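Next come the chains, spelled out residue by residue.
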Amino acid sequence: MNDKKYWVGFSLIPGIGQVKFSLLEKHFGNLEDAWRAPASELRAAGLDSKSVSTIVARRSLTSLDDEMEKLERHRAKVLTQNDPDYPPHLREIYDPPPVLYVRGSLTPEDERAVTVVGTRRATAYGRQVAEEIAGDLAQTNITIVSGLARGIDFVAHGAALAVGGRTIAVFGCGLDVVYPSEHVRLAREIVERGALVSEYPLGTRPKAENFPRRNRIMSGMSLGVLVVEAGESSGAMITARLALEQDREVFAVPGSILSPMSAGPNRLIQEGAKLVRRHVDILEELNLSTVARQ
């Protein structure tokens, strides 16, 4: 796609999301013309004055060729919504990211993905369950999606890699900023057996407000979300709620009613989430048992 660098350019500008990308593409036909357009034409496309001012100010300071060179240096690919390799399930959600940055590879097999999330302060029980279920799913050719965080995320990615399966880590920052930093080695292994994915341009620091946005990509790429351990107001629970909004399946591992770390999944089960004891519970609910046997 010849205008891919212009998609990158607009992704660098704060406040330009899926809706404004669509307005620009519809009005101009391509983003190269939109990037070069005067302020009056940007307003005619339907953009508000603040967005127009930001675009005009930022593009004069941005070298798109430098940005593309930086991406090449970090071996990061760019997928736009119009790209045939853009994850098809993600394209279906209400607000798909217009641009995805990818290190590693996304394959057609990744359409059979399950997101595994949970607390950063996992108990021994949570770690064991996450390892067993994520590992067993990966062995049946299910891609494990998670967020590279400490705790359950770390265990889920590691379990998939340990059995030679595929796993995808979705970042809440640029792909050149591994967060937390102690997971650099894990990130490197994931690139070899899956992908690192982000909607944020290179250089974006991990900010608290980025992670709830990041979670919609995790659930959006998947057929369902499994919550292993989580507090009732945790990021994992946000991911589960987003999954419901996206018409994805929600699964939860039950735990002790006395454990704060099981309060989230127990609540989800109470509200109708599928109770999971083994990976086959997920496969059956998603009608993937036959695929797993093959």
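In case you missed it, the structure is sitting above this.
Residues numbered from 1 in each chain as written. Predicted model: local features only at pLDDT ≥ 70, side-chain atom pairs only at ≥ 80, totals over all residues. Heavy atoms only, no water.

1. A closer look at helix H10 (residues 184-192)
Quick reminder of the rule: Each residue gets one of three labels from its accessible area relative to the maximum for its type: buried under 20%, exposed over 50%, partly exposed in between, using a 1.4 Å probe on protein chains only. Helix and strand assignments come from DSSP, with helices taken as H or I runs of at least 4 residues and strands as E runs of at least 2, each series counted from the N terminus. Each C-beta atom gives one direction from the helix axis, and the arc is the one those directions make.
Turning to H10, its buried residues number three or more, namely Leu 186, Ala 187, Ile 190 and Val 191. Along the long axis of H10, the arc covered by the buried residues comes to 145°, so they all point the same way. Those residues of H10 that are exposed and angled more than 90 degrees off the buried face are Arg 185, Arg 188 and Glu 192.

2. A few points about the environment of Ala 57
Tracing the sequence through the fold places Ala 57 in helix H5 (residues 49-59). Since its relative accessible area comes to 42%, Ala 57 is described here as partly exposed. Note: C-alpha distance between Ala 57 and Ile 13 (44 residues apart in sequence) is 9.7 Å.

3. Topic: the packing of helix H8 (residues 124-139) against helix H9 (residues 152-162)
The axes of two packed helices give the description: the angle between them and the distance between them. Note the cut-off: Under this scheme, a helix contributes an axis fitted over its contacting stretch, all axes are lines through C-alpha atoms, and angles between N-to-C directions fall in the 0 to 180 degree range. Each crossing gets its hand from how the near helix is turned against the far one by less than a right angle, where anticlockwise is left-handed and clockwise is right-handed. A contact between two residues is defined here by any heavy atoms of the two lying within 4.5 Å. Gly is put with the polar residues, along with every residue not named as nonpolar or charged; the nonpolar set is Ala, Val, Leu, Ile, Met, Phe, Trp, Tyr, Cys and Pro, and the charged set is Asp, Glu, Lys and Arg.
Relative orientation of the contacting elements H8 and H9 amounts to 35°, with a least axis distance of 8 Å. Considering only the axes of H8 and H9, their crossing is right-handed. Of H9, the residues touching H8 (which contributes Gly 126, Arg 127, Ala 130, Glu 131, Ala 134, Gly 135 and Ala 138) are Ile 152, Val 155, Ala 156, Ala 159 and Ala 160. When its residues are assigned to classes, the contact of H8 with H9 shows eight nonpolar, two polar and two charged.

4. Regarding the pattern of salt bridges
Cut-off, in case you're wondering: For this document, the term salt bridge refers to a Lys or Arg side-chain nitrogen within 4 Å of an Asp or Glu carboxyl oxygen.
This model, assessed by the stated rule, comprises 16 salt bridges. A salt bridge links Glu 232 to Arg 267; the nearest nitrogen and oxygen atoms lie 3.0 Å apart. With Glu 232 in the loop between strand E7 (224-227) and helix H12 (235-245) and Arg 267 in helix H13 (residues 263-270), the pair connects residues that are 35 residues apart, well separated along the chain. Here Glu 232 falls in the partly exposed class, since its relative accessible area comes to 45%.

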